[in-house]
Amino acid sequence: MDSMAGPAKQDSTQMIDPKRLAFDIDGVLANTMQLFLDILLEVYGVNHIAYEDFNQYDLNACLDLDPDIISGAAGRIIDGNYPCRLEPNAGVVRVLKRLHAFGPIRLVTARPYPGPIREWIDRLLPPDRFRVEITTTGRFDVKHEVLKADHVQWFVEDRLDTCFLLQENNIEPVVFVQPWNRQPHPFVEVENWSQLEGLIQWT
């Protein structure tokens, strides 16, 4: 990784309003690529791929694998058809519980339907205690429309293409550092949820 993988880049005078903040799910809340690796091993017997090999968002462009295996593993993730466990990134639950004091937690994902990810969120944040709004768009390039309609100012995202679209539509992206977003960019970025927590205006 290059130098952008260090401490969060930010304007020290600008803090995130927790009432106008929303999140992507895969790669931000959920450690989805580790699940992808686990599926490759458990279902397809593939053990030569490392997390750092995901250096592009397009998996077919960065992995030396049969495209049918890639699409099969990805489909299992969307459908919830896998023998492995999807884990949250470290600190997710603690920070989201803290954010809930400011209103419902808003999640916008390019997944085509909520399905198993809704069930996964409900296990992290039981719906009898936490209000979590999930919007599925089916496409990364329309997320900004949902966010603008909901008056979101800040969005935590791992896909740089989405971040540039957000910026064009006056939404401030926060890049969640992953191997596939190490290209140059002008945005605030965080390596983990502790860094993100430090950018939020809690009082």
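The structure presented is a predicted model; accordingly, all values stated were derived computationally and were not measured. (Residues numbered from 1 in each chain as written. Predicted model: local features only at pLDDT ≥ 70, side-chain atom pairs only at ≥ 80, totals over all residues. Heavy atoms only, no water.)

Enquirer: Explain the overall build of the chain here, please?
Expert: Along the backbone of the chain there are eight helices and six strands. The C-alpha radius of gyration computed for the chain amounts to 17 Å, which stays within 12% of the reference 17 Å derived for 203 residues, consistent with globular compactness. Taken over the C-alpha atoms alone, the chain extends approximately 50 × 40 × 30 Å along its principal axes. Looking at the chain residue by residue over its 203 residues, the buried ones come to 47%. Long-range contacts, defined here as pairs at least 24 residues apart, represent 68% of the contacts in the chain between residues at least 6 apart. (Helix = DSSP H or I, 4+ residues; strand = E, 2+ residues; numbered from the N terminus. Rg over C-alpha atoms; globule rule 2.2 N^0.38 Å. Buried < 20%, exposed > 50% of the residue type's maximum accessible area, 1.4 Å probe, protein only. Contact = heavy atoms within 4.5 Å.)

Enquirer: Mind showing me how you'd approach helix α5 (residues 115-124) here?
Expert: An α-helical segment advances 3.6 residues per turn. Residues three or four places apart therefore align on the same side. Among all positions of α5, only Pro116, Ile117, Trp120, Ile121 and Leu124 are buried. Taken down its axis, α5 places every buried residue within 145 degrees of arc, on the same side. Of the residues in α5, the exposed ones pointing more than 90 degrees away from the buried face are Glu119 and Arg123. As for α5, its buried residues are in contact with α3 (67-79), α4 (92-99), β2 (105-109) and β3 (132-136). (Arc of directions from axis to C-beta.)

Enquirer: Would you mind showing me how to read the pattern of salt bridges here?
Expert: A side chain with one charge can pair with a side chain of the opposite charge if their charged atoms come near. A complete count under the given rule lists 11 salt bridges for this structure. Two residues, Arg85 and Glu87, come together in a salt bridge whose shortest N-O distance is 3.0 Å. For Glu133, the salt bridge goes to Arg131, with nearest N and O atoms at 2.6 Å. Among the residues examined, Glu133 registers a relative accessible area of 26% and is labelled partly exposed. Under the relative-accessibility criterion, Arg131 is labelled exposed at 51%. (Salt bridge = Lys/Arg side-chain N within 4 Å of Asp/Glu carboxyl O.)

Enquirer: It is not clear to me how the side chain of Asp158 should be interpreted in this structure. Could you clarify?
Expert: If you trace the backbone, Asp158 turns up in the loop between β4 (154-157) and α7 (160-168). Buried charge without a partner: Asp158 forms no salt bridge, and the closest opposite charge is Lys143, 5.9 Å away. Only 2.8 Å separates the side chain of Asp158 from the side chain of Trp180, close enough to count as a polar contact. Those residues within four positions of Asp158 in sequence are excluded, and the remaining contacts are Asp24, Asp26, Gly27, Val28, Tyr57, Phe176, Gln178, Trp180 and Asn181. (Lys, Arg positive; Asp, Glu negative; His and termini not counted. Polar contact = N/O pair within 3.5 Å; in protein donor to acceptor, adjacent residues only side chain to side chain.)

Enquirer: What is the right way to read the packing of aromatic side chains from this model?
Expert: Working definition: an aromatic ring pair is given by the centre-to-centre distance plus the angle between the planes. Counting across every chain of the model gives six aromatic pairs. Measuring from ring centre to ring centre gives 6.1 Å for Tyr51 and Trp180, while their planes differ by 40 degrees; the resulting arrangement is tilted. Separated by 129 residues along the polypeptide, Tyr51 in the loop between α1 (32-44) and α2 (59-62) and Trp180 in the loop between β5 (172-176) and β6 (188-190) bring together distant segments of the chain. Judged by its relative accessible area of 18%, Tyr51 is buried. Taking the centre distance of 4.9 Å and the plane angle of 65 degrees together, the rings of Phe164 and Phe187 count as edge-to-face. Residue Phe164 is located in helix α7, and its partner Phe187 is located in the loop between β5 and β6; the two are separated by 23 residues in the primary sequence. Residue Phe164 is classed as partly exposed on the basis of its relative accessible area of 30%. What links up through ring pairs into an aromatic cluster is the set Phe36, Tyr51, Phe54 and Trp180. (Phe/Tyr/Trp six-rings, centres within 6.5 Å; stacked < 30°, edge-to-face > 60°.)

Enquirer: I'm lost on the packing of α1 against α3 in this one. Help?
Expert: The description of two helices packed together rests on the angle between their axes and the distance between the axes. Axis separation between α1 and α3 bottoms out at 10 Å; the angle between their running directions is 115 degrees. Here the hand of the crossing between α1 and α3 comes out right-handed. Residues Thr32, Leu35, Phe36, Ile39, Leu40, Val43 and Tyr44 of α1 form the contact with α3, whose own contacting residues are Ile69, Ile70, Gly72, Ala73, Ala74, Arg76 and Ile77. Tallied by class, residues from the contact of α1 with α3 come to 11 nonpolar, two polar and one charged. (Axes fitted to C-alpha atoms, helices over the stretch in contact; angles between N-to-C directions. Left-handed = near helix turned anticlockwise from the far one by under 90°. Nonpolar A, V, L, I, M, F, W, Y, C, P; charged D, E, K, R; others polar.)

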